[in-house]
Amino acid sequence: MENRQKDSNYPLALKDNPADWGTQQVWRHFYRLACLFARSEDLDRSLNCFVDVFLIRGNEMHNPDKDWLDFFRRQFAIYLFGKKRISCSLSEGDMIHDFLKMEYEQIKKELSESEIPFKGECLAPWFASLELDFPWLVTESEPKWSVG
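Residues numbered from 1 in each chain as written. Predicted model: local features only at pLDDT ≥ 70, side-chain atom pairs only at ≥ 80, totals over all residues. Heavy atoms only, no water.

Novice: Any chance you could explain unusual backbone geometry here in plain terms?
Specialist: Peptide bonds are, in most cases, trans, and in most cases residues other than glycine have a negative phi. Despite not being glycine, Glu41 shows a phi value in the positive range, around 65°. Checked against the element boundaries, Glu41 lands in the loop between helix H2 (23-39) and helix H3 (43-57). (Helix = DSSP H or I, 4+ residues; strand = E, 2+ residues; numbered from the N terminus.)

Quick look at the structure:
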């Protein structure tokens, strides 16, 4: 209860200069925002913040591989929606980040070895159509979808 009250009092804008922040302060700020947005049922902002948190934690916010960034953003959002709850612990997000990275590398390898020629600039719609086997822990008795 104390953590939830502390988070609900967390300001959306901080007085500190973000240019002076280290990476850890940045992802912590985005994580708190993601949780706040989820509680207020602002799905778009919450999803974007959660995605950014785990890209920052994985040192990949400025990764030059735009296919990877697009793949991660889409698949991480699919993961959160599939849980039927927009929330994610740090260890869970790190695990999903690593899982998605391994899946992406395997897919890229298979595409490069494929006899069917794939054009590199057309992969985003194809990535969006992929269905990965995420480790969701939702049972059939929990049909209600919730946020936060």
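Novice: Hey, could you run me through the environment of Tyr104 in this one?
Specialist: Considering the arrangement of structural elements, one finds Tyr104 in helix H5 (residues 90-113). For the pair Tyr104 and Phe71, spaced 33 residues apart in the sequence, the C-alpha separation amounts to 7.5 Å. Ignoring anything within four residues of it in the chain, the contact list for Tyr104 reads Asp65, Asp67, Trp68, Phe71 and Phe127. (Contact = heavy atoms within 4.5 Å.)

Novice: Explanation requested: helix H4 (residues 66-82) in the structure shown.
Specialist: An α-helix turns once every 3.6 residues. As a result, residues three or four positions apart point the same way. Here H4 is 17 residues long and its end C-alpha atoms lie 24 Å apart, about the 24 Å a rise of 1.5 Å per residue gives. Those residues of H4 not exposed but buried are Asp67, Trp68, Leu69, Phe71, Phe72, Gln75, Phe76, Ala77, Tyr79 and Leu80. Those residues of H4 hidden inside the fold are in contact with H3, strand E1 (85-86), H5 and helix H6 (123-128). With a side-chain oxygen positioned 3.1 Å from the backbone nitrogen of Asp67, the residue opening H4 is Asp65. With its phi angle positive at about 65°, Lys84 sits one or two positions after the end of H4. (Expected span 1.5 Å × (residues − 1). Buried < 20%, exposed > 50% of the residue type's maximum accessible area, 1.4 Å probe, protein only. Polar contact = N/O pair within 3.5 Å; in protein donor to acceptor, adjacent residues only side chain to side chain.)

Novice: What's the story with H3 in this structure? I'm lost.
Specialist: The end-to-end C-alpha separation of H3 is 21 Å, in line with the 21 Å expected for 15 residues at 1.5 Å each. Inspection of H3 places Ser46, Leu47, Cys49, Phe50, Val51, Asp52, Val53, Phe54, Leu55 and Ile56 among the buried residues, and these make up the whole buried set. Where H3 is buried, its residues meet H2, H4, E1 and H5. After H3 finishes, the residue Asn59 shows a positive phi value of roughly 55°.

Novice: Quick question: what am I supposed to make of the pattern of salt bridges here?
Specialist: Charged atoms that come close allow side chains of opposite charge to pair. Summed over all chains, the structure comprises 7 salt bridges. Residue Asp94 pairs with Arg57 through a salt bridge whose shortest N-O separation is 2.5 Å. In this pair, Asp94 is assigned in helix H5 and Arg57 in helix H3, connecting sequence segments 37 residues apart. Note on Asp94: relative accessible area 24%, which makes it partly exposed. By relative accessible area, which is 25% here, Arg57 ends up partly exposed. (Salt bridge = Lys/Arg side-chain N within 4 Å of Asp/Glu carboxyl O.)

Novice: Would you mind going over the packing of aromatic side chains with me for this structure?
Specialist: Each aromatic ring pair is summarised here by two numbers: the centre-to-centre distance and the angle between the ring planes. Under the criterion given, the structure shown has 8 aromatic pairs. Here the aromatic rings of Phe54 and Phe76 are separated by 5.4 Å at their centres, their planes lie at 40°, and the arrangement is tilted. One end of the pair, Phe54, is in helix H3; the other, Phe76, is in helix H4, and 22 residues separate them in sequence. Pair check on accessibility: Phe54 and Phe76 agree, each one buried. An aromatic cluster of three or more residues is present, and its members are Phe54, Trp68, Phe71, Phe72, Phe76, Tyr79 and Tyr104. In this structure, Arg57 is placed above the aromatic ring of Trp27, and the distance from its NZ or CZ to the ring centre is 4.2 Å. Stacked on the ring of Trp68, the Lys or Arg Lys101 has its end atom at 4.4 Å from the ring centre. (Phe/Tyr/Trp six-rings, centres within 6.5 Å; stacked < 30°, edge-to-face > 60°. Lys NZ or Arg CZ within 6 Å of the ring centre and 35° of its normal.)

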